[in-house]
Amino acid sequence: ALEPTETLSVKPAAFHAAELIIGHWRAVSASLGDLVVKVYYAKKQFVWEVLVEGIKRKLEINFNDISGLATSFNTGADMQAVTVEVRKRPKFFVEVNPQPKKNTQWHPCADFTDGAATTFRRHTIKS
């Protein structure tokens, strides 16, 4: 348990992923950093970041909006996939004014998954 003077780290846990599947829509990582999963413990949210034509886009899912989680493992005991089932649509953001070594600035945007993340509840991340 946290003591009153302790705070949760503001830095997220970040993981590189090979593929994100939401309904009919897919994002496939061509190189390291194209698809990143982040877990913000202090904010209590998952974030999927996708690099598209040099611009980052992200989906935010609050922990409270998750109705289920499932994992699958390959024979080597390495995690192969995580499926997150959500109760409501995630929030969508696009990177603005990208600058190297600067914090990313985000602006709300429309669903960039061709409507898949607005329609389908299951998001599968493959490693």
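A brief look at the structure comes next. Fair warning: this is a prediction, and the values are worked out from it, not measured in the lab.

**Here we look at the side chain of Lys58**
If you trace the backbone, Lys58 turns up in strand β6 (residues 55-62). In this structure the side chain of Lys58 is engaged in a polar contact, spanning 3.0 Å, whose partner is the side chain of Glu60. Each residue touching Lys58, except ones within four places of it in the same chain, is listed here: Val47, Trp48, Glu49, Lys91, Phe92, Phe93, Trp106 and Phe112.

**What about the packing of aromatic side chains?**
Across all of its chains, the model carries 4 aromatic pairs by this definition. Taken together, a centroid distance of 5.2 Å and an interplanar angle of 55° make the contact between Phe46 and Phe63 tilted. In this pair, Phe46 sits in strand β5 (residues 45-52) while Phe63 sits in the loop between β6 and β7 (66-73), placing the two residues 17 residues apart along the sequence. On the accessibility criterion, Phe63 (28% relative accessible area) is partly exposed. Here Lys43 stacks its cationic end above the ring of Tyr40, 4.7 Å away from the centre of that ring. In this structure, Lys58 is placed above the aromatic ring of Phe93, and the distance from its NZ or CZ to the ring centre is 5.2 Å.

Reading the values: the criteria
Residues numbered from 1 in each chain as written. Predicted model: local features only at pLDDT ≥ 70, side-chain atom pairs only at ≥ 80, totals over all residues. Heavy atoms only, no water. Helix = DSSP H or I, 4+ residues; strand = E, 2+ residues; numbered from the N terminus. Polar contact = N/O pair within 3.5 Å; in protein donor to acceptor, adjacent residues only side chain to side chain. Contact = heavy atoms within 4.5 Å. Phe/Tyr/Trp six-rings, centres within 6.5 Å; stacked < 30°, edge-to-face > 60°. Buried < 20%, exposed > 50% of the residue type's maximum accessible area, 1.4 Å probe, protein only. Lys NZ or Arg CZ within 6 Å of the ring centre and 35° of its normal.

All quantities given are derived from atomic positions and should not be read as evidence of function.
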